[in-house]
Amino acid sequence: MSGTTLRHLPVSSKGSKQLSTVVLPRLAGAPKALRLLALTISIFGANVLASTISSYAAPQLLTLGLSKEALSGVLLAGPLAGLLVQPVVGLMSDQSQSRWGRRRPFIAAGAVIGAFSTLMLGWASTFLGWIGSSSEKAALVISCIALYLMQSSINALASVNRSLIIDLVPPSDEALGNAWASRMASLGSITGYSLGWVDLPSATGGLVGKSQLQVLALFDALLLISCHSITVFCTRESPAKERQTKRSIWNLVSEFRRTWSTLLSDGKSTYWVDFFSFFGWSPMLSFTSTWVVETTMSLNPNMTSDDANRRASLAFLFHSGVNLFSTLLLPMLVAPTLENQEAAKKNPSWSIHIKWLTLPLLWTISNFFHAVILVCSYWAHRTEIGVIALVASAGCPFAVTCWAPFAIIGDVLASPPATTHDPETDAEGGEIEHTGDETPHATTFKQSQTGAVLGLHNVFVVIPEFISMGISSAVFVLIDPTKSAFKKRSLHLWPRSIFDKMKEWDSIGLLFRIGALFVIVAVIYGAFWSIRYSKERHEAAEIRLLKRSEQNPAGLGAQFPEEEENSTSESEGEGDDGM
């Protein structure tokens, strides 16, 4: 498992000064890149841990004797934590009155729980050996508990890390800030899968662990604690100026209904596209490592399980490389949003913006590519290179999936809610603009709703995961009976002739292709949304230009007089901001 459209655009010095007061405030001359690094490095640490879960959790549980359909139930830890932990933590952090800020206490707690549970997963058997027990069932139980704790901590950290970025980064810097978040996520995945690919016990001489997972767990725990410590100690959150009315965390349904009713249409469309697309991502995120391990071992009967696990890490490493390249390239192609068009005109960059390529359209194209990849699993599993190539190519659409929803949600949060109006703003001309400063109305909505909006978005993501896990359990019982806990009953469902052919069937690949059907629905929905988004964007641009021409009828030279003043003041203050 990145707020506005990500582009590499210079931002105003005014935005930099705002950022300098909340990130590394004691280093007055620190460059903006260093501040953004300190703010987003927590995402790096979290993604290193997430990569371990992706590549090693499922094979480890299968090694301990867990059946495939039981594995589907255990892997519900991810969506279950997403459904419960993210909304609850988001809502609690929104309401937090801690002197340390809204998000940082939850970041610290999540990092500690994540590190502890990682060590539990990697050292479960060793710990039992220390107390004189060699029960494989006990090790399996401890590993399952550890996985649930890891997933809970990852989901909690995902919520508060994203919320902290949205809270602290001003609108003029949101594009750059979220670009940094995406890069840190990709680099974290690359680091995690690289560590998983290397023979760590041999590389460390067996000094810090005898198995691959033991050494990996130690490295992951240290990186998780250190990266989140940097973010916690290098950022400053101000306590809420006014105490909000306390809302029970058990009343999330009414809270989400209120959030939904005040959410702009683009935010709702984001939810629905993610809803259908995650029917395709859920089996890939849960079973790709198992798919690679089983395929490589079937093609190479003499291969050990450790070698097969490292081969899976290699496939994920290529996946992360493609993901990082896509994260760096694609934001340069997407057309700027209205809020950033003026900044693009004043500060030309090396980005090559394609005017017609809006972010919803790019996301739709990406989902189409994802559907094609899922269908191609039918042919890819026949060769080892095909499996690795398919996993690697999925890095491109996954980069867009990790970036586009949060980018659009960031734009939505920077705008006022749909059903409320600011009398002062309405009296001045109606439209709220974000040219570097947040309006008070938008700032209030942003600070009070960030956790709830992200939590509601996560509900739309995890519900498909629950349904997908149910489908996967049924497929494993019916199509892969030799590895089912209901083996004797499953075998009686099919004639012997069909059963012999089923040995050659790819049950996980079938899950991928079932997911492709839902992704196609996301493509169709996204296509209609893209048309509406482009039309509304064009109409809004015309209205904005009309209002400016009415206010400044002197001609083109005076069309944006405030920009000339801002440019002068910004050029005078650029030397104070490092970048």
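1. A word on the overall build of the chain
Here comes step 1: On a plain count of helices and strands, the chain comes out with 23 helices and 0 strands.
Here comes step 2: When burial is assessed residue by residue, the chain has 57% of its 579 residues classed as buried.

2. Side note on the environment of L66
Here comes step 1: Relative to the assigned elements, L66 resides in the loop between helix 2 (32-63) and helix 3 (68-74).
Here comes step 2: L66 gets classed as buried once you look at its relative accessible area, which sits at 14%.
Here comes step 3: Between the C-alpha atom of L66 and that of K137, which follows or precedes it by 71 residues, the distance is 9.4 Å.

3. Re the nonpolar core
Here comes step 1: Counting 101 residues, the largest nonpolar core has V23, L61, F287 and W291 as its most contacted members.
Here comes step 2: Counting residues in each nonpolar core, the second largest holds 28 residues, with V334, L359, A407 and L413 among its members.

4. Some thoughts on the side chain of T401
Here comes step 1: In this fold, T401 is placed in helix 17 (residues 395-413).
Here comes step 2: For T401, a relative accessible area of 4% translates into the label buried.
Here comes step 3: A distance of 3.2 Å separates polar atoms of two side chains, one belonging to T401 and the other to W281.
Here comes step 4: Each residue touching T401, except ones within four places of it in the same chain, is listed here: D274, F278, W281, W363 and N367.

5. A look at the pattern of salt bridges
Here comes step 1: Considering all chains together, one arrives at 6 salt bridges under this definition.
Here comes step 2: When the shortest N-O distance is used, the salt bridge between D199 and R310 registers 3.9 Å. Of this pair, D199 sits in the loop between helix 7 (171-197) and helix 8 (200-203) while R310 sits in helix 12 (residues 305-329), placing them 111 residues apart in sequence.
Here comes step 3: R310 sits in the buried class, given a relative accessible area of 17%.
Here comes step 4: A salt bridge links R310 to D307; the shortest N-O distance between them is 2.6 Å. Here R310 pairs with D307, and both are found in helix 12, just 3 residues apart, close to one helical turn.
Here comes step 5: With relative accessibility at 31%, the residue D307 sits in the partly exposed group.
Here comes step 6: Here the residues in one salt-bridge network are D199, D307 and R310, joined through shared partners.

6. What to know about the packing of helix 2 against helix 9 (residues 212-234)
Here comes step 1: Following both chains from N to C, one finds helix 2 and helix 9 inclined at 160 degrees, their axes separated by 7 Å at the closest point. Accordingly, the angle class assigned to the pair helix 2 and helix 9 is roughly antiparallel. Judged by the sense of rotation from one axis to the other, the crossing of helix 2 with helix 9 is left-handed. Where helix 2 approaches helix 9, its residues A38, L39, I41, S42, F44, G45, A46, V48, L49, T52, Y56 and Q60 are matched on the opposing element by Q212, L213, L216, D220, L223, L224, C227, H228, I230, T231 and C234.
Here comes step 2: Residues that form the contact of helix 2 with helix 9 fall into these classes: 15 nonpolar, 7 polar and 1 charged.

7. Points about the confidence of the model for the chain
Here comes step 1: Per-residue pLDDT for the chain has a mean of 75; in total, 73% of the residues score no lower than 70.
Here comes step 2: Here helix 18 (residues 423-428) is the element of the chain with the lowest mean pLDDT, 38, and helix 14 (residues 359-375) is the one with the highest, 94.
Here comes step 3: Here residues 555-579 scores under 50 on pLDDT; set against residues more than four positions off or in separate chains, the count is 32 contacts.

8. A closer look at the packing of aromatic side chains
Here comes step 1: For the coordinates displayed, the defined rule picks out 14 aromatic pairs.
Here comes step 2: Consider the rings of W363 and W529, whose centres lie 6.2 Å apart with planes at 70 degrees: the pair is edge-to-face. Linking W363 in helix 14 with W529 in helix 22 (residues 507-551), this pair joins segments that are 166 residues apart in sequence.
Here comes step 3: A residue is classified by how much of its surface remains accessible, and W363, at 1% relative accessible area, is buried.
Here comes step 4: Grouped by ring-pair contacts, the aromatic residues Y271, W272, F275, F276, F279, F460 and F518 constitute a single cluster.
Here comes step 5: We note R162 situated over the ring of F406; from NZ or CZ to the ring centre the distance is 4.7 Å.

9. A closer look at the packing of helix 12 against helix 16 (residues 384-393)
Here comes step 1: The contact between helix 12 and helix 16 brings their axes to 7 Å, and the two run at 40 degrees. Accordingly, the angle class assigned to the pair helix 12 and helix 16 is oblique. Like other packed secondary-structure pairs, helix 12 and helix 16 cross with a definite hand, here right-handed. Along its contact with helix 12, which presents R311, A315, F316, F318, H319 and V322, the element helix 16 presents E384, I388, V391 and A392.
Here comes step 2: Split into classes, the residues belonging to the contact of helix 12 with helix 16 amount to 7 nonpolar, 1 polar and 2 charged.

10. Thoughts on a nonpolar patch on the surface
Here comes step 1: A surface patch of nonpolar side chains, amounting to about 440 Å² of accessible area, comprises I113, F116, V141, I145 and L149.
Here comes step 2: The element best represented in the nonpolar patch is helix 6 (residues 136-168), accounting for 3 residues.
Here comes step 3: Structurally, I113 is set in helix 5 (residues 104-130).

11. Regarding the environment of I409
Here comes step 1: Topologically, I409 is positioned in helix 17.
Here comes step 2: Spatially, the C-alpha atom of I409 lies 5.8 Å from that of G267, the residues being 142 residues apart in sequence.
Here comes step 3: Setting aside anything within four residues of it in sequence, one finds I409 in contact with T270, Y271, V453, L454 and H457.

Reading guide: rules and limits
- Residues numbered from 1 in each chain as written.
- Predicted model: local features only at pLDDT ≥ 70, side-chain atom pairs only at ≥ 80, totals over all residues.
- Heavy atoms only, no water.
- Helix = DSSP H or I, 4+ residues; strand = E, 2+ residues; numbered from the N terminus.
- Buried < 20%, exposed > 50% of the residue type's maximum accessible area, 1.4 Å probe, protein only.
- Core = buried A, V, L, I, M, F, W, Y, C linked by side-chain atoms within 4.5 Å.
- Polar contact = N/O pair within 3.5 Å; in protein donor to acceptor, adjacent residues only side chain to side chain.
- Contact = heavy atoms within 4.5 Å.
- Salt bridge = Lys/Arg side-chain N within 4 Å of Asp/Glu carboxyl O.
- Axes fitted to C-alpha atoms, helices over the stretch in contact; angles between N-to-C directions.
- Parallel < 35°, antiparallel > 145°, perpendicular 65-115°, else oblique.
- Left-handed = near helix turned anticlockwise from the far one by under 90°.
- Nonpolar A, V, L, I, M, F, W, Y, C, P; charged D, E, K, R; others polar.
- pLDDT = per-residue confidence, 0-100.
- Phe/Tyr/Trp six-rings, centres within 6.5 Å; stacked < 30°, edge-to-face > 60°.
- Lys NZ or Arg CZ within 6 Å of the ring centre and 35° of its normal.
- Patch = residues over 30% accessible without salt bridge, like charges linked within 9 Å, V, L, I, M, F, W, Y side chains within 5 Å.
- Areas by Shrake-Rupley, 256 points an atom, 1.4 Å probe, with all protein chains shown as cover.

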